[in-house]
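# Descriptive analysis of the structure
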Amino acid sequence: MSSSSFEDLCTHMNAKISATKKRLVLRSIGNEQSLRSVVSNLGQDLAVCHRLLVEMEAEVQQQEKLRDRLKMVKMSVERQRSEAEHLQENVPPYLPKPTRSCNTGPAVKREEATKAVEPEWLKKCREEARAYKEVPLNVEDLHSFSVNTGPAVKREETTKAECTKKSKEDTTAVKQMPLISPEEFDNIPAYLRGRLKCEQINAVIQEINNAVAAKYKIMHQPLKSMKAPARKLYSRFLEEEIKETRGEFFIMEADIKEFTQLKMDKRCYNILSILRHAQRLREIRCSGFVRYIIC
């Protein structure tokens, strides 16, 4: 037997002997009549303390549950507040404007504000319509006028229809990237273009332009006329809008995969770097996603 195991055995035996002595002393104390009342009082106090500890434990568990609920409520409120701020900062520009009953300012100010944002072609249409009304007609030219051009009312309706058509085209106009010219291709650094050709880069530009046109065609559609897949894409487009992309035309990698047959491989990323160098697009990185804004 080694010395260490013998010492451990001696320590264990001594501990047992001391514990036995304490039990004998306590047993002798418990048999004394004068100390029995003290021991019983101690037992009652211990029982009261145990009951209080159980009640405190139950109260602590209840407060922890309440704390968890408050945390969930706080997270929900913060999420709703962030969504409200996002909606406030990213109101789509194609939403219908408020009616006249909602405007509280005077009519003169509203007319001035409308004139301030009118495009040039709309002003020309208004001037032509006024000119048609103001031009006097001779009796000799009345027959030829009715045969060739129709009544003035029809001319005015045609003018209004043309103006409405132009306004729709202006609303749904989508920005497109111009193609790379041979001179621009020669100015691209050799380490960027590598073995790529100008036709390959222009083919990718056309694919991206088609993706942008397809995306904003859905964005400009009335919500009631959309089917379920278009509604799903429309909701995703709204979620991808941020403060930096307000008033800009942009796409993401998901849009390129959705509307084109391009593969987001090393070659495609290299072409995107070339387009960024040629100032055809720029990147905005936010929340782990890259938004490609059309320049």
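One can find the structure itself at the top, above this paragraph.
In short, a report on the structure.

### As for helix H10 (residues 228-240)
- The terminal C-alpha atoms of H10 lie 19 Å apart, and with 13 residues this matches the ideal 18 Å at 1.5 Å per residue to within 8%.
- Among all positions of H10, only Ala230, Leu233, Tyr234, Phe237 and Glu240 are buried. The buried residues of H10 occupy an angular sector of 125° when projected down its axis, which confines them to one face. Structural note: H10 exposes Ala228, Lys232 and Glu239 on the side pointing more than 90 degrees away from its buried face.
- At its buried positions, H10 is contacted by helix H9 (198-219), strand S1 (250-251), helix H11 (253-259) and strand S3 (289-294).

### What to know about the pairing of strand S2 (residues 281-286)
- For S2 and S3, the ladder comprises six bridges, and the chain directions are antiparallel. In the strand pairing of S3, Cys286 is matched with Phe289.
- Counting the residues between successive antiparallel strands, the hairpin from S2 to S3 contains two residues, one of them, Ser287, with a positive phi of roughly 60°.

### What to know about the side chain of Glu241
- Along the polypeptide, Glu241 turns up in the loop between H10 and S1.
- In this structure Glu241 is buried but unpaired, with Lys215 as the nearest side chain of opposite charge at 5.5 Å.
- Ignoring sequence-local partners within four residues, the contact set of Glu241 consists of His86, Asn90, Met219 and Phe250.

### Quick notes on helix H12 (residues 266-277)
- In a regular helix each residue adds 1.5 Å, so twelve residues correspond to 16 Å; H12 covers 17 Å between its end C-alpha atoms and thus fits that length.
- Listed as buried for H12 are Cys268, Ile271, Leu272, Ile274 and Leu275. Each buried residue of H12 lies within a common arc of 155° when the element is viewed along its axis, so the set occupies one face.
- For H12, the elements touching its buried residues are helix H8 (190-193), H9, S2 and S3.
- The positive-phi residue at the C-terminal boundary of H12 is Gln279, with phi of around 60°.

### What about the sheet that holds S1?
- Strand order in this open sheet of three strands is S1-S3-S2, and the pairing throughout is antiparallel. The open sheet has two free edges, formed respectively by S1 and S2, since each of these has just one partner strand.
- Along the sheet face, H12 touches S2 and S3 and points at about 115° away from the line of S2.

### What to know about a nonpolar patch on the surface
- Together, Leu9, Met13 and Ile17 give the surface a local cluster of nonpolar side chains, amounting to about 270 Å² of exposed area.
- Looking at the element boundaries, Ile17 is found in helix H1 (residues 3-31).

### Regarding the packing of aromatic side chains
- Taken as a whole and judged by the stated rule, the model has two aromatic pairs.
- Ring plane angle 70° and centroid distance 4.8 Å describe the contact between Tyr216 and Phe249, whose orientation is recorded as edge-to-face. With Tyr216 in helix H9 and Phe249 in the loop between H10 and S1, this residue pair connects regions lying 33 residues apart in the sequence.
- Look at Phe237 and Phe259: their rings are 6.5 Å apart centre to centre, the planes differ by 40°, and that puts the pair in the tilted class. Of this pair, Phe237 sits in helix H10 while Phe259 sits in helix H11, and the two are 22 residues apart along the sequence.
- You can call Phe237 buried: its relative accessible area is 0%.
- Take Phe259: its relative accessible area is 24%, and that puts it in the partly exposed class.
- Seen from the ring of Phe237, Lys215 lies directly overhead, with NZ or CZ sitting 5.2 Å from the centre.
- Its guanidinium or amino end placed over the ring of Phe250, Lys215 lies 3.7 Å from that ring's centre, counting from NZ or CZ.

### Focus: the pattern of salt bridges
- For the structure shown, the criterion picks out eight salt bridges.
- Between Asp255 and Arg236 there is a salt bridge, with the nearest N and O atoms lying 3.1 Å from each other. One end of the pair, Asp255, is in helix H11; the other, Arg236, is in helix H10, and 19 residues separate them in sequence.
- Since its relative accessible area comes to 21%, Arg236 is described here as partly exposed.
- For the salt bridge of Arg282 with Glu248, the shortest nitrogen-to-oxygen distance reads 3.5 Å. Highlighted residues: Arg282 in strand S2 and Glu248 in the loop between H10 and S1, separated in sequence by 34 residues.
- Judged by its relative accessible area of 27%, Glu248 falls in the partly exposed class.

Rules and cut-offs
- Residues numbered from 1 in each chain as written.
- Predicted model: local features only at pLDDT ≥ 70, side-chain atom pairs only at ≥ 80, totals over all residues.
- Heavy atoms only, no water.
- Helix = DSSP H or I, 4+ residues; strand = E, 2+ residues; numbered from the N terminus.
- Expected span 1.5 Å × (residues − 1).
- Buried < 20%, exposed > 50% of the residue type's maximum accessible area, 1.4 Å probe, protein only.
- Arc of directions from axis to C-beta.
- Contact = heavy atoms within 4.5 Å.
- Pairing = 2+ DSSP bridges.
- Lys, Arg positive; Asp, Glu negative; His and termini not counted.
- Salt bridge = Lys/Arg side-chain N within 4 Å of Asp/Glu carboxyl O.
- Axes fitted to C-alpha atoms, helices over the stretch in contact; angles between N-to-C directions.
- Patch = residues over 30% accessible without salt bridge, like charges linked within 9 Å, V, L, I, M, F, W, Y side chains within 5 Å.
- Areas by Shrake-Rupley, 256 points an atom, 1.4 Å probe, with all protein chains shown as cover.
- Phe/Tyr/Trp six-rings, centres within 6.5 Å; stacked < 30°, edge-to-face > 60°.
- Lys NZ or Arg CZ within 6 Å of the ring centre and 35° of its normal.

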